[in-house]
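Working through the structure, step by step
Spelled out from the first residue to the last, the chains are:
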Amino acid sequence: MSIILDRPSATDTDRELRADLVGRAAKLVPLLAANARRSEEDRQVVEENITAIDEAGLLSIMRPKRFGGLETDIRTKLEVSRELARGCGSTSWVTSLMNVCAWFTGLWPAQAQQDVWGEHPNNRVAGVFTPSGTATEVDGGYRVSGRWGWASGSAHSQWALVGVPLTNPDGSPRDQGLVLIPMDQVTVEDTWFVAGMKGTASNTLVAQDVFVPAHRYLSVVQAIQGNPATPFTEERLYRSAFIPVAALILAGPQLGLAQAALDLVIEKAPKRTITYTFYENQVSAPTVQLAVAKAASLVDSAHLHAYRAAAEIDEAAFHEVFPDYDARAKSRMDTGVAVTYAREAIRILVSAHGASSFADASPLQRIWRDSEVASRHAVVHPEISTEIYGKALLGIRGDVSPLV
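Residues numbered from 1 in each chain as written. Predicted model: local features only at pLDDT ≥ 70, side-chain atom pairs only at ≥ 80, totals over all residues. Heavy atoms only, no water.

1. Description of the sheet that holds strand S4 (residues 159–167)
The mixed open sheet is built from four strands, whose spatial order is S1-S4-S5-S8. Strand pairing shows two members of the sheet lacking a second neighbour, strand S1 (125–128) and strand S8 (217–219), which therefore form its edges. Geometrically, the sheet is characterised by an average inter-axis angle of 30 degrees between neighbouring strands, direction not taken into account. Inspection of the sheet shows S1 paired to S4 by four bridges, in the parallel sense. When the bridges of S4 are listed, Val128 appears paired with Val162. Relative to the sheet, helix H4 (residues 89–105) contacts S1, S4 and strand S5 (173–182), its axis offset from that of S1 by approximately 85 degrees. (Pairing = 2+ DSSP bridges. Helix = DSSP H or I, 4+ residues; strand = E, 2+ residues; numbered from the N terminus. Axes fitted to C-alpha atoms, helices over the stretch in contact; angles between N-to-C directions. Contact = heavy atoms within 4.5 Å.)

Encoded structure:
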């Protein structure tokens, strides 16, 4: 992949670190690919994958340097996720979600961050945004109960962040927030029975009357508006715009899945015939040539949109500029386009490869299923993103979703 779209402020040191981390991820691709079927059958990423990724430092890329993390940029986060997905979509997804939850944790007050990482800096965090729980204010904090699905990474994490609404005494909404809870204070219900991304173990977290200290509450409303609670304002990674980051990081696995599908089809084409035709192999057939060209262009375009969004997020954070509504709407559009193009490329490649794409032994069928499921995540919903962006271009703002 030769696409180089990057933020202007990126230094040689930034790029060298990124190249090193992506190289580490690339070395793990054979292991992840070898374990992909077992992760799917077990409905949980095999621990060997998680251990290898952790040992390679790839679960520290969004953790603050204050706790031994690498504190890289969003472009690096995308590229690492993309590379891991070439081996296994579920592994990449889980890694991506735990990394972004580390980024979210970096937005909390200092004491909350200390709670999570102070004694155990390698702690991992899983989370669910949806405010499906309840939080009752009590002396010193909140009593939290609820059920939250789907918690990707919960099988490998020591902490959870979950969404809760805050209401006034009359029941009217006052705020929407996230709370941090140790994983040993919640239970995990086995509810993740799906067609794709089976290995993510994105099960349901359940809390019953758990006490959460006040410092472990984060206002999502304030974070969306560019006012996170972290006092470490010099850390530019955590100045990145909340929703653009939350959406864009979900595109990383899609980029890798699409690239893996393209690589596989090109590799196998010289050895595969097209039944009931005179073509010696797929390479000789114009239909396959055209399909591969179209798919490759879509894969490139997906990368370009995702990397442009990452560059704009990273550059704004570098200059301490909070993007305005229209810029954030554009970022959501870029994310939706990237996911859509990657998914469409995979569909084209599955058809070009032939019916054997759907054999259990073929990685293509798993790539296709993983993409179809992951691309439906509500935060990257392409049609909603398109509506938000189109309205913004026409001067209509804030009437579709608060997640902009």
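2. Concerning the layout of surface pockets
Each pocket or cavity is described by its volume, and for the largest pocket that value is around 730 Å³. Phe129, Thr130, His377, Ala378 and Val379 are, among the 34 residues lining the largest pocket, the residues nearest its centre. Going through the elements one at a time, H4, S1, strand S3 (141–151) and helix H11 (363–374) are the ones with two or more residues in the lining of the largest pocket. The leading source of residues in the lining of the largest pocket is H4, at five residues. (1 Å grid on protein atoms, 1.4 Å probe; cavity = no way out; pocket = protein on both sides within 12 Å on 5 of 7 lines; lining within 4 Å. Points joined across faces, edges and corners; volume = space filled by probe spheres on them.)

3. Some points on the nonpolar core
Core analysis: the biggest nonpolar cluster contains 93 residues, and Leu58, Trp103, Phe104, Phe242 and Leu248 have the highest contact counts within it. Among the elements that take part in this core, helix H9 (residues 286–318) stands out by supplying 12 residues, more than any other. Among all residues touching Trp103, those that are not within four sequence positions of it are Met62, Leu237, Tyr238, Ser240, Ala241, Phe242 and Val245. Within the second largest apolar cluster, 20 residues are counted, among which are Ala126, Val128, Met183 and Tyr217. (Core = buried A, V, L, I, M, F, W, Y, C linked by side-chain atoms within 4.5 Å. Buried < 20%, exposed > 50% of the residue type's maximum accessible area, 1.4 Å probe, protein only.)

4. Re the packing of helix H10 (residues 325–353) against H11
Put simply, H10 and H11 touch, their axes get as near as 10 Å, and they point 155 degrees apart. Our classification of the angle between H10 and H11 gives roughly antiparallel. Relative to H11, the crossing made by H10 is left-handed. Of the residues in H11, those touching H10 at Arg343, Ile346, Arg347, Val350 and His353 are Leu364, Ile367, Trp368, Ser371 and Glu372. Partitioning the contact of H10 with H11 into residue classes produces five nonpolar, two polar and three charged. (Parallel < 35°, antiparallel > 145°, perpendicular 65-115°, else oblique. Left-handed = near helix turned anticlockwise from the far one by under 90°. Nonpolar A, V, L, I, M, F, W, Y, C, P; charged D, E, K, R; others polar.)

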